[in-house]
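Each chain is listed here by its residues.
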Amino acid sequence: MIIEPRIRGFICTTAHPVGCATNVQRQIDHVVVKGPIESPRKRVLVLGCSTGYGLASRIVTTFGSGADTVGVSFEKEPGETKTASAGWYNNRAFEKRARAAGRIAVTVEGDAFSDAAKAQTIAAIRDNLGEVDLVVYSLASPVRTDPKTGTTYRSAIKPMGEAVRSKTLDTGTGAVSEVEIQPATADEAEATVKVMGGEDWELWVDALREAKVLAPDFMTLNYTYLGSELTWPIYHKGTLGRAKADLDRAAAAMRERYGSESAFVVALKAVVTQASSAIPVVPLYGTLLLKVMEEMGLGEGCIEQIDRLFRVKLQPPLELDKESRVHVDDWELSEAVQAEMGRRWPLLSSETLAQHADLDRYRREFLRLFGFGLGGVDYSADIDPREPA
Ligand code: NAD
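Residues numbered from 1 in each chain as written. Predicted model: local features only at pLDDT ≥ 70, side-chain atom pairs only at ≥ 80, totals over all residues. Heavy atoms only, no water.

Peer 1: Describe in detail the UniProt feature "binding site: substrate" (unreviewed entry) in the protein chain, supporting the description with residues and values.
Peer 2: Feature annotation in UniProt assigns "binding site: substrate" (unreviewed entry) to the following positions: Tyr225. With respect to the secondary-structure elements, tyrosine 225 resides in the loop between strand 11 (214-224) and helix 7 (239-258). The contact partners of tyrosine 225, leaving out residues within four places of it in the chain, are Thr231, Tyr235, Lys244, Leu268, Lys269, Ala270, Tyr285 and Glu332. At 2.6 Å, the side chain of tyrosine 225 and the side chain of glutamate 332 are in polar contact. (UniProt positions renumbered as here; feature names shortened; annotations may be inferred. Helix = DSSP H or I, 4+ residues; strand = E, 2+ residues; numbered from the N terminus. Contact = heavy atoms within 4.5 Å. Polar contact = N/O pair within 3.5 Å; in protein donor to acceptor, adjacent residues only side chain to side chain.)

What follows is the structure, given as structure tokens:
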């Protein structure tokens, strides 16, 4: 079949196998060209390994520091006439290239929140790596079923306390408009913490430890977004921010249990991913950020951020903020970038968007997540969607 993008709201329901593989290869090339990364951590578990920051983490540890990996992600398999999820093609493309480079790469596809996926992953670690010395937690999901109670929680991305009015962008039409987002109820806030907070992170680390597949000097990382006052009302001070604050709690609890160097939250910059495109206000901020940072020569996507995390920020001695977080969002939150963001934000409207921000680039990056719009790919070719590249 000829595979074309089919966009519904903020997701694309198709993915291109060759385009996804090209995207994976482009990220591998980025790391390889920069040369090896010094790291003692050679056996890595990546939770949420198939797209965005998780995929970049798997690529950087494998092709930068020569690590063997087990990855976990949630995917849709392909059929004769339907494409798989982008992550499924990314996983296959990554495994093929990692194995060709002599590395072990095993992927468990299932619901990472479930006890079954944890058991399957522990078996995969035992069989293939023996134990892991780094666990990267990069899951982004709108829903989680608590394995102990069977209750399913859905996150609600809303402000806390009061309604928030903000500009927002329809990335399909390019229209900038005002939205009023009503505050979360106490139940919605609690559910968001259940889904995106630190509980499952701790369950994973405790289960790995219990099963004796964690090296004694292991480290675990979880990714957060702090952002600036332009997005604080909807993000940092909203339900998502509350869930992210729970990561700081979980990291501190694990440092108590497992040692002062064991668990850290890493603050990353806003990038275009499947998860971030679903958050109100963030795509408008993102289109502006793309242009401002590019103009200042500071543009970074997932692979550049994670490469800098491992190549620079995780090298000892670790530089931590007062919450013990590692920061790779330093360029986004620099005074120069935020001053320019703050200057342009009030000027944004449907009419001025093209002048101040870069919606075309945002759309290109969004399509690329699904393997579309990559150079060197023949999109007119008749392709079997069951064949990864
Ligand atoms: P993403 O949507 O690109 O990736 C999410 C990953 O989680 C995918 O591999 C997906 O398969 C996996 N996943 C989702 N539900 C799952 C489940 N039930 N079981 C197994 N796997 C599951 O997201 P992302 O933007 O890379 O986000 C990863 C982390 O980075 C999140 O914690 C996010 O808050 C954080 N972060 C993102 C940004 C950003 O701008 N995108 C900025 C800072 C921090």
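Peer 1: How would you explain unusual backbone geometry if you had to name every residue and give the values?
Peer 2: The omega torsion across proline 316 and proline 317 is -5°, close enough to zero to call that bond cis. Turning to its location among the elements, proline 317 is positioned in the loop between helix 9 (302-313) and strand 13 (326-327). Non-glycine residue lysine 212 carries a positive phi angle of around 60°. Examined against the element boundaries, lysine 212 turns out to sit in the loop between helix 6 (199-210) and strand 11. Given the relative accessible area of 69%, lysine 212 is considered exposed. Of note in the backbone geometry, serine 324 takes a positive phi value of approximately 65° without being a glycine. (Buried < 20%, exposed > 50% of the residue type's maximum accessible area, 1.4 Å probe, protein only.)

Peer 1: Would you mind going over a positive patch on the surface in detail, with residue names and values included?
Peer 2: Side chains of Arg6, Arg8, Lys76 and Lys82 sit close together on the surface and give a patch of like positive charge. Of note, arginine 8 is situated in strand 1 (residues 7-8). The class for arginine 8 is exposed, based on a relative accessible area of 52%. (Patch = residues over 30% accessible without salt bridge, like charges linked within 9 Å, V, L, I, M, F, W, Y side chains within 5 Å. Areas by Shrake-Rupley, 256 points an atom, 1.4 Å probe, with all protein chains shown as cover. Salt bridge = Lys/Arg side-chain N within 4 Å of Asp/Glu carboxyl O. Lys, Arg positive; Asp, Glu negative; His and termini not counted. Charge placed at Lys NZ, Arg CZ, Asp CG, Glu CD.)

Peer 1: Run through the side chain of serine 85, naming residues and quoting values.
Peer 2: Considering the arrangement of structural elements, one finds serine 85 in the loop between strand 4 (68-73) and helix 3 (86-100). For serine 85, a relative accessible area of 18% puts it in the buried group. One polar contact links serine 85 to glutamate 75, side chain to side chain, over a distance of 2.6 Å.

Peer 1: Now, about the site of the ligand: what can you tell me, with residues and values included?
Peer 2: Taken together, the neighbourhood of the ligand is formed by 29 residues, with Ser50, Tyr53, Ala112, Lys244 and Thr273 sitting nearest. At a separation of 3.3 Å, an oxygen atom of the ligand approaches a polar backbone atom of tyrosine 223. In the complex, the protein chains occlude 92% of the 830 Å² of accessible area that the ligand would expose alone. For the shell around the ligand, the secondary-structure elements that each account for two or more residues are helix 2 (52-65) and strand 11. In terms of residue class, the shell around the ligand is built from 13 nonpolar, 12 polar and 4 charged. (Near = heavy atom within 4 Å. Nonpolar A, V, L, I, M, F, W, Y, C, P; charged D, E, K, R; others polar.)

Peer 1: So, the confidence of the model for the protein chain: which residues are in play, and what are the values?
Peer 2: Counting all residues, the mean pLDDT for the protein chain is 97, and 100% of those residues have values of 70 or more. When the elements of the protein chain are averaged for pLDDT, strand 1 gives the smallest value, 90, and strand 3 (residues 43-47) the largest, 99. (pLDDT = per-residue confidence, 0-100.)

Peer 1: Kindly report on the pairing of strand 10 (residues 176-181), identifying the contributing residues and their values.
Peer 2: Relative to strand 10, strand 9 (residues 164-169) runs antiparallel, the two sharing 6 bridges. Residue pairing across strands places leucine 169 opposite valine 176, the latter belonging to strand 10. In textbook terms, the turn of a hairpin is the stretch between consecutive antiparallel strands, and for strand 9 and strand 10 this stretch comprises 6 residues, one of which, glycine 174, has a positive phi near 85°. (Pairing = 2+ DSSP bridges.)

Peer 1: Before we move on, could you go through helix 1 (residues 17-34) and cite the residues and values that matter?
Peer 2: For helix 1, built from 18 residues, the straight-helix expectation of 26 Å at 1.5 Å per residue is met to within 8% by its first-to-last C-alpha distance of 26 Å. The set of residues buried in helix 1 consists of Pro17, Gly19, Cys20, Ala21, Asn23, Val24, Gln27, Ile28 and Val31. Tucked into the core, helix 1 has its buried residues touching helix 2, helix 3, helix 9 and helix 12 (359-368). Phi turns positive, to about 95°, at glycine 35, one or two residues after helix 1. (Expected span 1.5 Å × (residues − 1).)

Peer 1: Account for the packing of helix 4 (residues 115-128) against helix 6, with residues named and values stated.
Peer 2: Running from N to C, helix 4 and helix 6 point in directions that differ by 40°, and their axes come no closer than 11 Å. Accordingly, the angle class assigned to the pair helix 4 and helix 6 is oblique. In this structure, the crossing between helix 4 and helix 6 has a hand that is right-handed. Within the contact between the two elements, helix 4 uses Ala117, Lys118, Thr121, Ile122 and Ile125 and helix 6 uses Asp200, Leu203, Trp204, Ala207 and Leu208. (Axes fitted to C-alpha atoms, helices over the stretch in contact; angles between N-to-C directions. Parallel < 35°, antiparallel > 145°, perpendicular 65-115°, else oblique. Left-handed = near helix turned anticlockwise from the far one by under 90°.)

Peer 1: Now, about the packing of aromatic side chains: what can you tell me, with residues and values included?
Peer 2: Throughout the structure, instances matching the rule amount to 7 aromatic pairs. Ring centres of tryptophan 88 and tyrosine 89 lie 5.5 Å apart, and the angle between their planes is 80°; this geometry places the pair in the edge-to-face category. The class of tyrosine 89 is buried, set by a relative accessible area of 1%. Directly above the aromatic system of tryptophan 88 lies the positively charged group of arginine 92, at a separation of 5.0 Å from the ring centroid. Positioned above the aromatic ring of tryptophan 331, the side-chain terminus of arginine 308 is 3.6 Å from the ring centre. (Phe/Tyr/Trp six-rings, centres within 6.5 Å; stacked < 30°, edge-to-face > 60°. Lys NZ or Arg CZ within 6 Å of the ring centre and 35° of its normal.)

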